[in-house]
Amino acid sequence: MNIILMGPPGAGKGTQAEKLVSKYGLVQISTGDMFRKEMKEDSKLGVIAKFFIQYGHLVPDDITIDIVRERLSKNDFPNGFILDGFPRTVVQARSLESLCKELGFKIDAIINLDVDFDKLIKRLSGRRVCRECGATYNLEFKPSKKPGICDICGGELYQRIDESEDAVKIRLQTYTRQTRPLIDYYTMKGQLININGDQSMDDVFKDIEKCLGV
Ligand code: AP5
């Protein structure tokens, strides 16, 4: 089962991908996580990605498509994969279609998590991430047991560089301008499954399972 998870920043793509990974053994491919790893390592790609990410802009399509191509080419997904945060532009969607043909993959479901922007700002400003293992928390909706400390590995929790108030505003504008057109693109193709992302994390997951028929 190969899935695309779409939705605005903070819609819960990463949260739901984590649940799909643990229940169905799918492999999560998050372009955001891949860029953050490169930034942490201070690689050439990381330096370029940081330039765009810190201000809330998208990393250019050619760079993003290349890292996805490289990842999918490994073909190490016995149970399938979840594309979390890719594609984000129509150009990326078209490239993914060519890539799937080339590599012999089929996308089985394209899920869009729908959440109002007001709620997203609250979610994003409250998000904290573990510096060591990458686990995600939220000050209001999913607090860690000890403030500032990861429940899983004891690592320090931090706020992402793209979660300042200004960067969040630009991320939402970028989404509206560049990613929302994808909703029409996949709707016209009759492929889009819309899910109400403004429910508890468990209820969103139940709806996803219902739509997938698993
Ligand atoms: P990325 O890391 O993908 O960021 P994003 O899309 O902005 O998504 P987030 O990770 O912020 O949110 P999410 O939807 O995964 O929600 P989450 O589950 O974490 O990308 C970062 C940047 O990299 C981009 O801005 C761009 O610059 C670049 N990039 C990445 N992909 C790219 C591409 N394809 N092309 C070009 N550039 C690209 O949840 C968020 C918070 O809400 C958490 O605190 C969580 O606990 C909480 N939460 C989740 N679900 C619920 C719920 N149901 N109720 C209450 N709280 C909830």
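*Asks:* Before we go on, may I ask you to explain the overall build of the chain in this structure?
*Replies:* Helix and strand counts for the chain come out as nine helices and eight strands. A compact globule built from 214 residues would reach a C-alpha radius of gyration of about 17 Å, and the chain, at 17 Å, matches this within 12%. Taken along its principal axes, the extent of the C-alpha atoms in the chain is 45 × 40 × 35 Å. For the chain, the share of sequence-separated contacts (at least 6 apart) that also reach a separation of at least 24 residues comes to 71%. Put simply, the chain shows about 11300 Å² of open surface, and 51% of that area lies on carbon and sulfur atoms.

*Asks:* What am I meant to see in the nonpolar core here?
*Replies:* A general trend in soluble globular proteins is that nonpolar side chains are found buried together. Met-6, Leu-72, Leu-83 and Tyr-186 are the most contacted members of the largest nonpolar core, which has 29 residues in total. Contributing elements (two or more residues each) for this core: strand S1 (3–6), helix H2 (31–41), helix H3 (44–53), helix H4 (61–72), strand S3 (81–84), helix H5 (90–103) and helix H8 (181–188). It is H4 that provides the largest number of residues to this core, a total of five residues. Residues contacting Leu-83, with those up to four places away along its chain left out, are Ile-3, Ile-4, Leu-5, Ile-29, Val-68, Leu-96 and Ile-107. Counting residues in hydrophobic clusters, the runner-up holds 20 residues, among them Ala-11, Leu-26, Ala-109 and Ile-208.

*Asks:* It is not clear to me how the sheet that holds strand S5 (residues 127–130) should be interpreted in this structure. Could you clarify?
*Replies:* Paired through backbone hydrogen bonds, the strands of a sheet run either parallel or antiparallel to each other. Strand order in this open sheet of three strands is S6-S5-S7, and the pairing throughout is antiparallel. The strands lining the two open edges of the sheet, one partner per strand, are strand S6 (136–138) and strand S7 (157–158). Sheet analysis places S5 next to S7, joined by two bridges and oriented antiparallel. When the sheet's bridge partners are listed, Val-129 is paired in S7 with Tyr-158.

*Asks:* Would you take a moment to explain H3 for this structure?
*Replies:* Quick reminder: α-helices carry 3.6 residues per turn. Residues three or four places apart thus point the same way. Among the residues of H3, Gly-46, Ala-49 and Ile-53 are the ones counted as buried. One side of H3 holds all its buried residues, which, seen down the axis, span an arc of 65 degrees. Looking at H3, the residues exposed on the side facing more than 90 degrees away from the buried face are Lys-44 and Phe-51. Each element contacted by the buried residues of H3 is listed here: H2.

*Asks:* Quick question: what am I supposed to make of the pattern of salt bridges here?
*Replies:* Between side chains of opposite charge, a pair can form as their charged atoms come close. Counted according to the given criterion, the structure contains 19 salt bridges. Linking Asp-33 and Arg-36 is a salt bridge whose minimum nitrogen-to-oxygen distance equals 2.7 Å. In this pair, Asp-33 and Arg-36 are both assigned in helix H2, three residues apart and thus about one turn of the helix distant. Glu-156 is the partner of Arg-131 in a salt bridge, and the nearest nitrogen-oxygen pair spans 3.1 Å. Linking Arg-131 in the loop between S5 and S6 with Glu-156 in the loop between S6 and S7, this pair joins segments that are 25 residues apart in sequence. Residue Glu-156 is classed as partly exposed on the basis of its relative accessible area of 44%. One connected set of salt bridges, linked through shared partners, spans Arg-127, Arg-160, Asp-162, Glu-163 and Arg-171.

*Asks:* Help me understand the packing of aromatic side chains, please; the structure alone is not making it clear to me.
*Replies:* Ring pairs (aromatic) are described by centroid distance and by the angle formed between their planes. Taken as a whole and assessed by the stated rule, the structure comprises six aromatic pairs. Considering the side-chain rings of Phe-51 and Phe-52, the 5.2 Å spacing of their centres and the 90 degrees angle between planes classify their relative orientation as edge-to-face. Seen in terms of ring centroids, Phe-81 and Phe-105 are 5.3 Å apart; in terms of plane orientation they differ by 85 degrees. Their pairing is edge-to-face. With Phe-81 in strand S3 and Phe-105 in the loop between H5 and strand S4 (109–114), this pair connects stretches of sequence that are 24 residues apart. An aromatic cluster is present here, built from Phe-77, Phe-81 and Phe-105 joined pairwise through their rings. The cationic tip of Arg-131 hangs over the ring face of Tyr-158; the distance from NZ or CZ to the ring centre is 4.5 Å.

*Asks:* Before we go on, may I ask you to explain the site of the ligand in this structure?
*Replies:* Neighbouring the ligand are 35 residues; Thr-15, His-57, Arg-88, Arg-127 and Arg-171 lie closest to it. A distance of 2.6 Å separates an oxygen atom of the ligand from a polar atom in the side chain of Arg-171. Sorting elements by how many residues they give to the shell around the ligand places H2 first, with four residues.

Conventions used here
Residues numbered from 1 in each chain as written. Predicted model: local features only at pLDDT ≥ 70, side-chain atom pairs only at ≥ 80, totals over all residues. Heavy atoms only, no water. Helix = DSSP H or I, 4+ residues; strand = E, 2+ residues; numbered from the N terminus. Rg over C-alpha atoms; globule rule 2.2 N^0.38 Å. Contact = heavy atoms within 4.5 Å. Areas by Shrake-Rupley, 256 points an atom, 1.4 Å probe, with all protein chains shown as cover. Core = buried A, V, L, I, M, F, W, Y, C linked by side-chain atoms within 4.5 Å. Buried < 20%, exposed > 50% of the residue type's maximum accessible area, 1.4 Å probe, protein only. Pairing = 2+ DSSP bridges. Arc of directions from axis to C-beta. Salt bridge = Lys/Arg side-chain N within 4 Å of Asp/Glu carboxyl O. Phe/Tyr/Trp six-rings, centres within 6.5 Å; stacked < 30°, edge-to-face > 60°. Lys NZ or Arg CZ within 6 Å of the ring centre and 35° of its normal. Near = heavy atom within 4 Å. Polar contact = N/O pair within 3.5 Å; in protein donor to acceptor, adjacent residues only side chain to side chain.

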